[in-house]
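# Remarks on the overall topology
What follows is the residue order along each chain.
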Amino acid sequence: MKINSKITELLFNLSEIESPENNQFLAGEESDLRKSLLKLYRSTDNSASRETIIAIMTEAGYPWFGKLARSGEQTVVSAANDEGNFMSEDDFLDLLPVNGHFH
């Protein structure tokens, strides 16, 4: 995920509205941001945080994320396997549309 000024602004907004324990997902490497935002989306109950995460993902070139998230919380938030673990990053990346455009 490439960070631009709009994403930076949204990340600062997200850090201000999210709980201190969930802010841990925002600290880390730029290369891990997409994965961290997905974990935060699953962890938070704050609807403003979820909308901000959708805005970040859309700005980053993943407009399908918002549609997926809004189409069913089961798909994104409770995307768990039979053992109750969240889907792996590889499984999540398999959800990417196959159009040759990958960030």
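Quick look at the structure, then. What you see is a predicted model, and the numbers here were worked out from it, not measured in a lab. Going along each chain's sequence as written, the residues are numbered from 1 onward. Side-chain atom pairs in this predicted model are given and counted only at pLDDT of 80 or more, local residue features only at pLDDT of at least 70, and totals for whole chains, interfaces and linings cover all residues. To get the side-chain values, all heavy atoms of the structure are used, and hydrogens and water are removed first.

## What to know about the nonpolar core
- Here, nonpolar core refers to any group of buried Ala, Val, Leu, Ile, Met, Phe, Trp, Tyr and Cys residues whose side-chain atoms link them within 4.5 Å. Three exposure classes are used, based on accessible area relative to the maximum for each residue type with a 1.4 Å probe and protein chains only: buried under 20%, partly exposed in between, and exposed over 50%. Core analysis: the biggest nonpolar cluster contains 21 residues, and Met1, Leu37, Ile53, Ile56, Met57, Tyr62 and Phe65 have the highest contact counts within it.
- Helix and strand definitions follow DSSP, with helices as H or I runs of at least four residues and strands as E runs of at least two, each counted in order from the N terminus. Of all the secondary structure elements, the ones that give two or more residues to this core are helix H1 (5–17), helix H2 (33–43), helix H3 (47–59) and helix H4 (64–71).
- Tallying contributions element by element places H2 first for this core, with 5 residues.
- The residues touching Ile56, leaving out its near neighbours within four places in the chain, are Met1, Ile7, Leu10, Leu11, Leu14 and Leu37. Any two residues whose heavy atoms approach within 4.5 Å at even a single point are treated as in contact.

## Notes on the packing of aromatic side chains
- Here a Phe, Tyr or Trp ring, Trp counted by its six-membered ring, pairs with any other such ring whose centre lies within 6.5 Å, and the pair is stacked when the planes are under 30 degrees apart, edge-to-face when over 60, and tilted otherwise. All chains considered together, the criterion is met by 3 aromatic pairs.
- Judged by centre distance (5.5 Å) and plane angle (85 degrees), the rings of Tyr41 and Phe65 are edge-to-face. Here Phe65 lies in helix H4 and Tyr41 lies in helix H2, a separation of 24 residues in the sequence. Comparing Tyr41 with Phe65 shows no difference in burial state: the two are buried.
- Residues Trp64 and Phe65 carry aromatic rings whose centres are separated by 6.3 Å and whose planes lie at 70 degrees to one another, so their mutual orientation is edge-to-face. In this pair, the class of Trp64 matches that of Phe65, namely buried.
- What links up through ring pairs into an aromatic cluster is the set Tyr41, Tyr62, Trp64 and Phe65.
- Remark: a charge is flagged as sitting over a ring if the NZ atom of Lys or the CZ atom of Arg is within 6 Å of the ring centre and within 35 degrees of the ring normal. Sitting above the plane of the Tyr41 ring, Arg50 keeps its charged end 5.0 Å from the centroid.

## What to know about the packing of H2 against H3
- Running from amino to carboxyl end, H2 crosses H3 at an angle of 155 degrees, the nearest separation of the two axes being 10 Å. Comparing their axes, H3 and H2 come out roughly antiparallel. Crossing hand, H2 versus H3: left-handed. Taken together, the residues of H3 that come into contact with H2 (itself represented by Arg34, Leu37, Leu40, Tyr41 and Arg42) are Arg50, Ile53, Ile54, Ile56 and Met57.
- Ten residues, namely Ala, Val, Leu, Ile, Met, Phe, Trp, Tyr, Cys and Pro, are considered nonpolar, four, namely Asp, Glu, Lys and Arg, are considered charged, and the remaining ones, Gly among them, are considered polar. Class assignment for the residues of the contact of H2 with H3 results in 7 nonpolar, no polar and 3 charged. The angle between two axes is taken between their N-to-C directions and runs from 0 to 180 degrees, where each axis is a line fitted to C-alpha atoms and a helix contributes only its stretch in contact. An angle below 35 degrees is treated as roughly parallel, one above 145 as roughly antiparallel, one from 65 to 115 as roughly perpendicular, and anything else as oblique. Handedness of a crossing is defined here by the sense of rotation of the near helix relative to the far one, left-handed for an anticlockwise turn of less than a right angle and right-handed for a clockwise turn.

From the geometry alone we can't say anything about function, so treat these as descriptive.
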